[in-house]
Amino acid sequence: MTRTTDRRDIVVGIDPVRNWHLALAWAADEAHLRGAALRLMVAVPPTHDTQHVDDTPRHVAQRQAGSEALRTALTWAHARQPGVTATSSLLDGLPAAALAAVSDEADIIVLGSRHLSRTEEFLSAGSLVVPITAKARCPVAVVGDAEHLTQETPYLVVGVDGSEFSRAALAWAFEEADLRRCALRAIAVWQPPVFSLHSGDTLFHAERRLLSETTAGWAEKYPDVRLTHEVLIGSPVENLADAAEHALAVVVGRRGRGGYSGMHVGSVVHGLLHRAHCPVITVPVR
């Protein structure tokens, strides 16, 4: 997936009951960097159709809270980046579906991390991260709960495993690194098989060759991006999270080559959303 040449909005999901400042700060800075507009969104779930309980007062209260959160966030965004055009939208509908529906028109969707456990992530009615990441047709950035600052030379990390999704992530990461004028660390993670007819050295060198071949064309297209690539051994989640400890962001495909066709979000994405301290950017295939 490559970015289109037209200027698309950066969409930010505002949670009226949670702290949205860090996600909005990241999005506003990204909009300034790209010369893009910022669109703040709150979606209010519909009323429940029941004969026993009138859900209208709750729905009205949620709309009022959403409107107030958008007004406050819009003022805050203008103060953060006065030169960025910012608008807001209050939508009726399930939040995950409403935000995913605008992904065709967005450059990137930005969400704050609620740092739920995996069980809570699946069971929480208010959880947006996993369903939006699974359905969005644009990249989704999940920003943690601490502004990520580093004294190191700025760099991005991208996970590469040879899959179609990781190739899309690699393309997006090169473009982003070129835009940011930062370095790019392309990382493949090799997990030694329990049983194999080939030696470990043979398989490890095959992984290194795949990584080198996969990045070669993009390195030629973006000669100003300082690229390093390495193959690490062990858990993909732990290695990528450790490598991105001081990164501007870690970029991964929605699924890797280890997933099965029914998976909407791969296990590495799930793990990084709960383990990484920097923003996690998940890239789909268009």
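Given the structure is predicted, the values throughout are model-derived calculations rather than measurements. (Residues numbered from 1 in each chain as written. Predicted model: local features only at pLDDT ≥ 70, side-chain atom pairs only at ≥ 80, totals over all residues. Heavy atoms only, no water.)

## Digging into the sheet that holds strand E9 (residues 249-253)
Under the convention used in this document: For two strands to be treated as a pair, DSSP must find at least two bridges joining them. Helix and strand assignments follow DSSP, with helices taken as H or I runs no shorter than four residues and strands as E runs no shorter than two, numbered in order from the N terminus. To define axes, lines are fitted to C-alpha atoms, for helices over the stretch in contact only, and angles between the resulting N-to-C directions are given on a 0 to 180 degree scale.
The 10 strands are arranged E3-E2-E1-E4-E5-E10-E9-E6-E7-E8 in an open sheet whose pairing can be described as mixed. Every interior strand has two partners, whereas the edge strands, strand E3 (86-92) and strand E8 (227-233), have only one. Averaged over all pairs of adjacent strands, the angle between strand axes in this sheet comes to 25°, irrespective of strand direction. Relative to E3, strand E2 (residues 38-44) runs parallel, the two being bridged by 7 bridges. Paired with Ala43 across the two strands is Leu91, which belongs to E3.

## Comments concerning the confidence of the model for the protein
Note the cut-off: Scored from 0 to 100, pLDDT reflects the predictor's confidence in each residue. The contact criterion used throughout is that any non-hydrogen atoms of two residues lie within 4.5 Å.
Model confidence for the protein is summarised by a mean pLDDT of 84, while 80% of its residues fall at 70 or above. Taken together, the stretch residues 116-126 has pLDDT below 50 and engages in 16 contacts with residues farther than four places along the chain or on a different chain. pLDDT under 50 marks residues 258-263. Its contacts with residues more than four places away, or in other chains, come to 3 contacts.

## Looking at the nonpolar core
Short version of the rule: Here, the term nonpolar core denotes a set of buried Ala, Val, Leu, Ile, Met, Phe, Trp, Tyr and Cys residues that are joined through side-chain atoms within 4.5 Å. Categorising residues by exposure relies on relative accessible area from a 1.4 Å probe, with only protein chains included: less than 20% of the type maximum marks a residue as buried, more than 50% marks it as exposed, and the intermediate range marks it as partly exposed.
Of all hydrophobic cores here, the largest spans 50 residues; its most connected members are Ile14, Leu38, Val110, Val158 and Ile281. Top contributing element to this core by residue count: helix H6 (residues 164-180), with 7 residues. Contact partners of Ile281, with chain neighbours within four places excluded, come to Trp26, Ile108, Pro139, Val140, Ala141, Trp172, Ala249, Val250, Val251 and Val252. In terms of nonpolar packing, the next biggest core, distinct from the first, is built from 37 residues, Met41, Tyr155, Val269 and Leu272 among them.

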